[in-house]
Amino acid sequence: MPVTIDESPTPLLAASGLAVALGRRPAPILHDLGFSVQAGTLTGLLGPNGSGKTTLLRAICGLVPYAGSLQLQGTEIADWRARALARSVAIVRQGAQLLFDFSVQEMALLGLSPHKRLLESTSARDLERAHQALAQVGLASFYRRSMFSLSGGERQRVYLAQALVQDASLLLLDEPTTHLDVHHQHGFLRTVVDLVKAGRSSMAVFHDIELAARYCKYLMILDRGRLAAHGTPHEVVTEAMLASVFKMRSRVSATATGGLRITYEQPMAQPLP
């Protein structure tokens, strides 16, 4: 039965019986997923390595074939035209590799690609849009810098600016805080929360459960390609879930500000594959 992560009858994103199998793997990466996500929310996607988090994001972007149903705004992802889907969904990948150098401004402007005709020139309005996006991620003075000159964390913020320039309604973030120091982790996620409050929606992959619980309205937990838990952080992040999915004996407590604190005690023994 599909999981509804909101009570609205018109979800932004909905899946039913969703399965993804790639290459010659003997079993699907994703199995029988059913969920719906309402517009205007930040949903955290968590799970052990290999649980299918990035594969789910790729399916939403139309990059991998799937079985079952996966709908964006009521239309199957497979039925969207590629250009229209690129205008509606933006993805910020973890540590994207650069084969050629670009200036920060040029990289941000690439977000306009789904909106531009072939060989269409860049306008003054386009440049203003790029500079505004860079300012939103704290890189207003970096627009002339080379991408090769930036740290991993700075590059990650440029990719977020590129997604803002793209002006997609759904932002998919694949481990967006991995290369950021603690100051910029929280700054980055507060920027995302502000974007959601302004009307966008986001689904973000996390490894840090406490960080996801702090900033996300809802959490989805994947385990071996299946949906293991869903709901608000206080509903999802339990000692039983951490033991079952993440194989860690832990203690979960509430903080004075209403957040969650996880004290990891010891890993649990796992059977050999």
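A few points on the structure. Note on numbering: residues in each chain are counted from 1, in written sequence order. The predicted origin of the model limits local features to residues at a pLDDT of at least 70 and limits the giving and counting of side-chain atom pairs to 80 or more, whereas totals for whole chains, interfaces and linings rest on all residues. As a rule here, side-chain values cover all heavy atoms of the structure and leave hydrogens and water aside.

Below, the discussion takes up the overall build of the protein. Strands are runs of DSSP state E lasting at least 2 residues, helices are runs of H or I lasting at least 4, and numbering of each runs from the N terminus. Within the protein, the secondary structure is distributed over 9 helices and 13 strands. A principal-axis box enclosing the C-alpha atoms of the protein has dimensions of 55 × 40 × 40 Å. With a 1.4 Å probe rolled over the protein chains alone, any residue whose accessible area is under 20% of its type maximum counts as buried; one over 50% counts as exposed, and the rest are partly exposed. By residue count, 48% of the 273 residues in the protein fall in the buried class. Note that accessible areas follow from Shrake-Rupley with a 1.4 Å probe, and for residues the cover is restricted to the protein chains shown. Here the protein has roughly 13,900 Å² of accessible surface; of this, 51% comes from carbon and sulfur atoms.

Next up on the list: the nonpolar core. One finds Leu42, Met147, Leu173 and Phe206 to be the most contacted residues of the largest nonpolar core, which totals 53 residues. At 7 residues, the largest contribution of residues to this core is made by helix 5 (residues 152–166). The contact definition used throughout considers only heavy atoms, calling two residues in contact when any of these lie within 4.5 Å. Aside from chain neighbours lying at most four places away, what touches Met147 is Leu98, Asp101, Phe102, Ser103, Val104, Met107, Arg155, Val158 and Tyr159. Working definition of a nonpolar core: buried Ala, Val, Leu, Ile, Met, Phe, Trp, Tyr and Cys residues. They are joined through side-chain atoms within 4.5 Å. One finds Ala15, Leu57, Cys61 and Met203 within the second-largest nonpolar core, a separate group that totals 29 residues.

Further remarks concern the pattern of salt bridges. Any Lys or Arg side-chain nitrogen located within 4 Å of an Asp or Glu carboxyl oxygen qualifies as a salt bridge. For the coordinates displayed, the defined rule picks out 5 salt bridges. Among the salt bridges present, the one from Arg125 reaches Glu128, with a minimum N-O distance of 3.7 Å. Residue Arg125 and its partner Glu128 are both found in helix 4 (residues 124–136); the two are separated by 3 residues, about one turn of the helix.

Another point: helix 9 (residues 239–246). Among the residues of helix 9, Met241, Leu242 and Val245 are the ones counted as buried. All buried residues of helix 9 lie within an arc of 100° about the axis, which places them on one face of the element. Considering only its buried residues, helix 9 is in contact with helix 7 (209–215), strand 10 (218–223), strand 11 (226–231), helix 8 (233–236), strand 12 (248–254) and strand 13 (260–267). Looking one or two residues beyond helix 9, the residue adopting positive phi is Lys247, at roughly 55°. In this description, the arc belongs to the directions extending from the helix axis to the C-beta atoms.

A few words on the environment of Gly258. Position of Gly258 relative to the elements: it lies in the loop between strand 12 and strand 13. In this structure Gly258 comes out as partly exposed when scored by relative accessible area, which is 41%. A C-alpha to C-alpha distance of 24 Å links Gly258 and Glu175, two positions 83 residues apart in sequence.

Another point: the packing of helix 5 against helix 6 (residues 182–197). Axis lines are fitted through C-alpha atoms, for helices just across the contact stretch, and the angle between N-to-C directions can take any value from 0 to 180 degrees. Here helix 5 crosses helix 6 at 10°, and the two axes come no closer than 12 Å. Relative to helix 6, the element helix 5 is oriented roughly parallel. Residue-level contacts link Gln156, Arg157, Leu160 and Leu164 of helix 5 to His184, Phe188, Thr191, Val192 and Leu195 of helix 6. Under the scheme applied, nonpolar residues are Ala, Val, Leu, Ile, Met, Phe, Trp, Tyr, Cys and Pro; charged residues are Asp, Glu, Lys and Arg; polar residues are all the others, including Gly. Across the contact of helix 5 with helix 6, the residue classes tally to 5 nonpolar, 3 polar and 1 charged. By the definition adopted for this analysis, an angle is roughly parallel if under 35 degrees, roughly antiparallel if over 145, roughly perpendicular if from 65 to 115, and oblique otherwise.

Another point: the sheet that holds strand 4 (residues 42–46). Note: two strands are recorded as paired if DSSP finds a minimum of 2 bridges between them. On the basis of which strands lie adjacent, the open sheet formed by 6 strands has the order 7-8-9-4-10-11 and mixed pairing. Two strands lie at the open edges of the sheet, namely strand 7 (89–92) and strand 11, each paired on one side alone. For this sheet, the mean inter-axis angle between neighbouring strands, taken without regard to orientation, is 20°. In this sheet, strand 9 (residues 201–205) lies alongside strand 4 in parallel orientation, the contact comprising 4 bridges. Residue pairing for strand 9: Thr43 is matched across the bridge by Met203. Helix 5 rests against strand 7 and strand 8 (170–174) of the sheet, and its axis sits at about 175° to strand 7.

Attention shifts here to the environment of Gln266. Of note, Gln266 is situated in strand 13. Taking relative accessible area as the criterion, Gln266 reaches 40% and is therefore assigned partly exposed. In the structure, Gln266 is positioned 153 residues away from Ser113 in sequence and 48 Å away in space, judged by C-alpha atoms. Not counting chain neighbours up to four residues away, the residues in contact with Gln266 comprise Met248 and Arg249.

Once that is clear, we can look at the pairing of strand 13. Of the pairings in the sheet, the one linking strand 12 to strand 13 comprises 7 bridges and is antiparallel in character. In the sheet register, Ala254 faces strand 13, and the bridge partner there is Leu260. In textbook terms, the turn of a hairpin is the stretch between consecutive antiparallel strands, and for strand 12 and strand 13 this stretch comprises 5 residues, one of which, Gly258, has a positive phi near 90°.

With that settled, the discussion passes to the side chain of Ser88. Note that Ser88 resides in helix 2 (residues 82–88). Judged by relative accessible area, Ser88 falls into the buried class, the value being 14%. Contacts of Ser88, omitting those with residues within four sequence positions, involve Leu72, Trp80, Ala168, Ser169 and Leu170.

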